[in-house]
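# Chain and residue survey
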Amino acid sequence: MPAELERALAAEVSLRSRLRYVAVGLAGSCAAVLIAVLWSTEPRALPARTQAVFAGLIAVGLAWAAVAAWVLTRRRPLYAQDRVVGARLALVVSTVTGIAGTALAAARGTTTAALATAAVGTVLTSIAGWLLARARSRRRELLRLRGVFRGDGA
């Protein structure tokens, strides 16, 4: 096996990488459970908007927990597919959060608040998009190295 591919795959299945996904899974699960407990212990029914936000936040926490569970149950290298999936999730969540936050700030706040919220949303969405591009590039490189190793071509 080429040394470069061997190093890349060793890092991908390392204990450190696995522990990072354990932390992601726990954080997502704990966030979802905490929000569900807060929601369920409210003495009166919450407004529909608040319920929708709580449901969305629970869904995001469960999505991160599901990504972590998926990665941790794989018994072979994913060739950075986990990074692509995580970056896609980050892009979707940051985009939806940025749009919803900007709409809320525009409806309830000042123009300055709406612009500031839009700016933060744009920065976070841009970072998530950059991470997705980087993850896809890393995956392509690992698959190329695998192909070279298998003799599929360069």
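Just above sits the structure.
Presented here is a report on the structure given in the accompanying data block. (Residues numbered from 1 in each chain as written. Predicted model: local features only at pLDDT ≥ 70, side-chain atom pairs only at ≥ 80, totals over all residues. Heavy atoms only, no water.)

## Quick notes on helix α2 (residues 15–40)
How we decide: What counts as a helix is a DSSP run of H or I of at least four residues, what counts as a strand is a run of E of at least two, and both are numbered from the N terminus. One less than the residue count of a helix, multiplied by 1.5 Å, gives the span that helix is expected to have. Only protein chains enter the accessibility calculation, which uses a 1.4 Å probe; a residue whose area is less than 20% of its type maximum is buried, one above 50% is exposed, and one in between is partly exposed.
Between the first and last C-alpha of α2 there are 37 Å, a value that for 26 residues agrees with the 38 Å anticipated at 1.5 Å per step. Residues S17, Y21, G25, G28, A32 and I35 constitute the buried set of α2.

## Structural notes on a positive patch on the surface
Our working rule: Only residues whose relative accessible area exceeds 30% and that form no salt bridge enter a patch; like-charged residues are grouped when within 9 Å of one another, and nonpolar side chains (Val, Leu, Ile, Met, Phe, Trp, Tyr) when within 5 Å. Using the Shrake-Rupley algorithm and a 1.4 Å probe, accessible areas are obtained, with residue cover drawn only from the displayed protein chains. The rule for a salt bridge is simple: a side-chain nitrogen of Lys or Arg has to be within 4 Å of a carboxyl oxygen of Asp or Glu. His residues and chain termini do not enter the charge count, which takes Lys and Arg as positive and Asp and Glu as negative. Each charge is placed at NZ for Lys, CZ for Arg, CG for Asp and CD for Glu.
Taken together, R16, R20, R83, R134 and R138 make up a surface patch of like positive charges. Broken down by secondary-structure element, the contributors of at least two residues to the positive patch are α2 and α5 (111–150). Given the relative accessible area of 67%, R16 is considered exposed.

## Remarks on the layout of surface pockets
The line we're drawing: Cavities and pockets were defined on a 1 Å grid built over protein atoms only: a cavity is a set of grid points that admits a 1.4 Å probe from which the probe cannot escape, a pocket is an open set flanked by protein on both sides within 12 Å along at least five of seven lines, and lining residues are those with an atom within 4 Å of any such point. Grid points are joined across faces, edges and corners, and a volume is the space filled by probe spheres set on the points. Under the convention adopted here, Pro, Cys and the residues Ala, Val, Leu, Ile, Met, Phe, Trp and Tyr are nonpolar, Asp, Glu, Lys and Arg are charged, and Gly plus all remaining residues are polar.
Of the pockets and cavities examined, the largest pocket occupies roughly 520 Å³. Lining the largest pocket we find 20 residues, and of these R20, Y21, D82, R83 and A135 sit closest to its centre. Of all the elements in the fold, those that place two or more residues in the lining of the largest pocket are α1 (3–12), α2, α4 (81–108) and α5. When its residues are assigned to classes, the lining of the largest pocket shows 11 nonpolar, three polar and six charged. Forming the boundary of the second largest pocket are A52, V53, G56, L57, V60, V93, V96, T97, A100, G101 and L104. Elements represented by at least two residues in the lining of the second largest pocket include exactly α3 (48–73) and α4. The element that contributes the greatest number of residues to the lining of the second largest pocket is α4, accounting for six residues. Per-class residue counts for the lining of the second largest pocket are eight nonpolar, three polar and no charged.

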